[in-house]
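Survey of secondary and tertiary structure
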Amino acid sequence: MKIRRASAAVAAVAAGALLFSACSSPASDDEPESEESMAEETAAVEEISDPCKVDTGTTETAEGEVKYSVGEDEFLGYNTLTPETYSTYNSAVTERIQGGFWYFGVDGTICHDETFGTYEAISEDPLQVQYTIADDATWSDGTPITYADFLLDWASQAITTDGKVTDDASEKPLFNSVSGLTLGDYVPDGPQADSADAKSFQYDYERVYADWEIQIGAPLPAHVLAEQIGISTDELVTAIQDLDMGVLKDAAEFWNTGWLSETPGELPDPALVPSSGPYMFKEDGWVAGQSITLTANENYWGAPAATQDLTFRFAAADTHVQALQNGDLDVIEPQATVDTVAQLEQLGDAVTVTTGQTLTWEHLDFNFNNGVFADSLEAREAFAYCVPRQKIVDDLIKPIDESAVVMNAREVFPFQDSYEDITSASYDGRYDEVDLDTAKEKFAAAGLKEGTEVRIGYSAPNPRRSDEVASIKASCDQVGFNIVDAGSAEFFDKDLPNGDYELALFAWAGSGQIASGQNIYATGFPQNYGGYSDETVDEAWDTLASTVDESVHLEQTKIIEKQLWDTLFGIPLFAHPGVGAYSSDLENVRDTAAQSGIVWNAEQWARAS
């Protein structure tokens, strides 16, 4: 689980919504060599007003390579839809090889990819959505993309280990999907079509889902899974429709593990991982600990990739600026630190820099499964009163973005129109400033002993987060805590899912979604890593997610935010400033405020001719 980020025209983004997993290095902010060059670069970036991808005129793929890094984490596998793999590190790669009906534009706009297909709501009450896959849409192995692929996608988010489709959150999903059973909850009958190879299908919602438009993502290949468990695609479709657990258990076992990469550097058999996007895995293109390379998909039916090879280097965030200068990377999204800004200022005209606000935000989450904070609100309050949020923002963020403020919400950002309305109704400002006296009172009331150890886990190395922990330690150790920097390179892979921390420090990255926070805060949902549970929050999310009424969204968001503060789910810190930088000989690089990061249109990146 890692991060995403943002930039550019965030003001247009709807108020609400996170989505993704955890984080590593977010966007950052900086300036180029001079104010004059900054103005020129800003003008170039703003020249494109369309938030979606624009036609760049590419008709054939040029030889060459473009190199990018989202962070140091190793690639985890073709299936990025499990809680363990659902991260920006992984999705940065797979989104280049897995296509779908939509994607996020630079300001969080939901953009339609009509190259892949079209969709429309043909009825609002009840909600019915018709999907049509493009006639020439095929997997790179020549197999048409069909209804079967989307039926498998539904099954992975709908069927329990008992062979049921239910809205009971206590049921265990058969497939290890990050979405749990949510899709089956809203569409219990699954998508409907005339045949397994149909190019159109329909979703009939039992109840409205606020984010219905982005409910259907990029599918995994049903024909590959069927072959791997020894049946035909038609037989797989029938088994899903009939809830035949004799077949579905085998299907789930392959879905859960067969598309993951247990041995770094070893790409799976190409037959197992066909592409439905402009890129595909390059043969022998994965070097463990160093990089993974994609190459243009010659069988892609849409606009061809602009550059033949796209390489993702596994590089720590604090090395990206130097790598850009050396030519080891062509495009970067360095973490926003004062040092990073200073380094980029020295590179002059050789690089182009983009800046902006982001839909990614930093936070501290308590562990409710075990440890000192699990069953004690007073212990959590003691910590909240000693966290120097304003100092962290003043020292680490304001030097990069002078408009930065302490963030007091989770589902809306300080630069969004509804922020003041929501925060004034949900939070009274009690944790805005450090209050050591009150913290000590809460510490004593909780029955804590001097030197109580609190491990703050995060994905390391990460200079800014180590500085954040140092600031927290300097303050909270005065209360009686013993703050321990538990940064680890395995934080997202092991520490977070295993609950091996007292506090988790990372960032969620968002786009223009409305109800995705339910997956983080509601009882038993897959991204609720800390095991938080609250009936008021659960009920509010159910109400919010089941309507498209914006007034209901606003009111329920206020309820959710207030309860998360009152019970101290965690502590929001700040929205990330964002920066992108790239070699000035590249064209079509566009930064984004959405979670997909600057790599969102990498298939359009090209060397200037």
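What comes next is a walk through the structure.

Here is what the cut-offs are and how they apply
Residues numbered from 1 in each chain as written. Predicted model: local features only at pLDDT ≥ 70, side-chain atom pairs only at ≥ 80, totals over all residues. Heavy atoms only, no water. Salt bridge = Lys/Arg side-chain N within 4 Å of Asp/Glu carboxyl O. Helix = DSSP H or I, 4+ residues; strand = E, 2+ residues; numbered from the N terminus. Buried < 20%, exposed > 50% of the residue type's maximum accessible area, 1.4 Å probe, protein only. Phe/Tyr/Trp six-rings, centres within 6.5 Å; stacked < 30°, edge-to-face > 60°. Core = buried A, V, L, I, M, F, W, Y, C linked by side-chain atoms within 4.5 Å. Contact = heavy atoms within 4.5 Å. Disulfide = S-S within 2.5 Å. Pairing = 2+ DSSP bridges. Polar contact = N/O pair within 3.5 Å; in protein donor to acceptor, adjacent residues only side chain to side chain.

1. Examining the pattern of salt bridges
In total, this model carries 19 salt bridges according to the counting rule given. Two residues, D330 and K67, come together in a salt bridge whose shortest N-O distance is 3.3 Å. A residue pair is termed long-range when its members are at least 10 positions apart, and D330 in the loop between helix 8 (320-326) and strand 10 (331-332) and K67 in strand 1 (residues 62-71) qualify at 263 residues. Just as D330 is buried, K67 falls in that class too.

2. A closer look at the packing of aromatic side chains
Two aromatic rings, taken as a pair, are described by how far apart their centres are and by the angle between their planes. Applying the stated rule across the entire model yields 45 aromatic pairs. Arranged with centres 5.0 Å apart and planes meeting at 70 degrees, the rings of W102 and F104 form a pair that is edge-to-face. Judged by relative accessible area, which is 6%, F104 ranks as buried. Here the aromatic residues F101, F116, Y119, Y131, Y147, F150, F201, Y203, Y205, W212, Y300 and W301 are joined through ring pairs into a cluster of three or more.

3. Focus on the nonpolar core
Among the nonpolar cores identified, the biggest contains 153 residues, and W154, W259, L364, F383, I456 and F481 are the most heavily contacted of them. Apart from residues no more than four positions distant in its own chain, W259 is found in contact with G77, Y78, N79, L220, P221, V224, L225, F254, L272 and V273. Residues A323, L324, L347 and V579 belong to the second largest nonpolar core, which totals 11 residues.

4. Quick notes on the state of the cysteines
According to the stated counting rule, one finds two disulfides in the structure shown. The disulfide partner of C52 is C111, and the S-S distance across this bridge is 2.0 Å. With the S-S dihedral at roughly -90 degrees, the linkage between C52 and C111 falls on the left-handed side. With C52 in the loop between helix 1 (35-46) and strand 1 and C111 in strand 3 (residues 110-112), the pair connects residues that are 59 residues apart, well separated along the chain. On the basis of relative accessible area, C52 is assigned to the buried category, the value being 16%. C111 gets classed as buried once you look at its relative accessible area, which sits at 1%. Regarding the disulfides, the protein chain carries the connectivity 1-2, 3-4 under sequence-order numbering of its bonded cysteines.

5. Structural notes on the pairing of strand 5 (residues 127-133)
Side chains L127, V129, Y131 and I133 of strand 5 all project onto a buried face; the interleaved residues Q128, Q130 and T132 project onto a face where none is buried. Pairing of strand 4 (residues 117-124) with strand 5 involves seven bridges; the strand directions are antiparallel. Counted as the bridge partner of S123 is Q128 from strand 5. Following strand 4, the chain reverses through two residues before pairing antiparallel with strand 5. Both strand 5 and strand 6 (residues 200-204) contribute to a ladder of five bridges, which runs antiparallel. Among the inter-strand pairings, V129 is bridged to a residue of strand 6, identified as Y203.

6. Topic: the side chain of Q308
Here Q308 lies in strand 9 (residues 307-314). For Q308, a relative accessible area of 18% corresponds to the buried category. In this structure the side chain of Q308 is engaged in a polar contact, spanning 2.9 Å, whose partner is the side chain of T295. Once you skip the residues sitting within four places of it in the chain, Q308 turns out to touch T61, A62, E63, G64, Y279, L294, T295 and A296.

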